[in-house]
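# Close look at the chain arrangement
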Amino acid sequence: MKTFITSILLCAVTPVFSAGYIKDFDYQLTDIAFKGLRKETLFSRTETSFMDLEKSICANRAHVWGYDLTRFNKINTGKIFFFFGASIWNKDDKHGYMYHVAPYIIENGTEYVMETSYPLELKAPVTVEEWMENETYNRIKATDCLEITAADTDLTEYFYARQNLPEKRGAGKQGARCYFRKVPGHYWFPTSIAIHDLKKDEDGKKVEFEPKAFDLDDVLEACIETASGKIGRFFGGGKAKCKTHLNL
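Residues numbered from 1 in each chain as written. Predicted model: local features only at pLDDT ≥ 70, side-chain atom pairs only at ≥ 80, totals over all residues. Heavy atoms only, no water.

### Here we look at the state of the cysteines
This structure, assessed with the given rule, holds two disulfides. The disulfide that involves Cys145 links it to Cys178, with 2.0 Å between the sulfurs. Taking the sign of the torsion about the S-S bond as the criterion, the disulfide between Cys145 and Cys178, at about -85°, is left-handed. Of the two residues, Cys145 is situated in the loop between helix 4 (128-135) and strand 7 (146-147) and Cys178 in strand 8 (residues 178-184); the sequence distance between them amounts to 33 residues. With relative accessibility at 0%, the residue Cys178 sits in the buried group. Covalently, Cys223 is tied to Cys242 through a disulfide, its sulfur atoms 2.1 Å apart. Residues Cys223 and Cys242 are joined through a disulfide that is left-handed, its torsion about the S-S bond being -90°. Of the two residues, Cys223 sits in helix 7 (residues 216-227) while Cys242 sits in helix 9 (residues 237-245), which places them 19 residues apart along the sequence. Residue Cys223 shares its accessibility class with Cys242, and that shared class is buried. (Disulfide = S-S within 2.5 Å. Helix = DSSP H or I, 4+ residues; strand = E, 2+ residues; numbered from the N terminus. Buried < 20%, exposed > 50% of the residue type's maximum accessible area, 1.4 Å probe, protein only.)

Written out as structure tokens, the structure reads:
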């Protein structure tokens, strides 16, 4: 009888984490199915008309889209950062990107990336595995990529600068041609992840950084970059578009 009661008490006090729990941040994504939402519907509502999808920064697009998913649907969203090893790119590639990022959600316990940067290429939500392979032109298998956690400080150090992560690591640690990191939707750039994990800024100064929600000033700044060319930004056209979009 005593053992039975103890078991009940343990169940009562032990938190139950479902799919979409990000341990390093103690953050739980909302399973949209429990709110009667469908991933296809949310994807189709993503607003891209005011953005320059080709020339804007992926982190800024993802920040605006993540905020929209959160504010319109009252859900906790995530972002997934995908880091490319240098060997993925060849001499014919125009860019050898360090990373790409997009919002992701949970539906019925499965993760889906809401990648709306390529409207002619991706017309619906995709699984994380499909997204990774698409981002590398199918040059890798998603299973070849390693997930980064807060314990991987040797990799997180690279987040401060635009530099491809090393494919070989010291101290007997496993390396890979690609890595990924899941974070709460309100984390903006790789630098913000590094500051959170390492408790210091890029100059080595100690910093406590643990945001709990989107900062609207950051979202506006991100939005303006996506909506403005260099000339348009100077004349404030992007800011006007974004203030309208964000109801400011």
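### Structural notes on helix 3 (residues 58-73)
For helix 3, spanning 16 residues, the distance from its first C-alpha to its last is 22 Å, which sits close to the expected 22 Å at 1.5 Å a residue. Burial runs high along helix 3: 14 of the 16 residues are buried. The positive-phi residue at the C-terminal boundary of helix 3 is Lys74, with phi of around 55°. (Expected span 1.5 Å × (residues − 1).)

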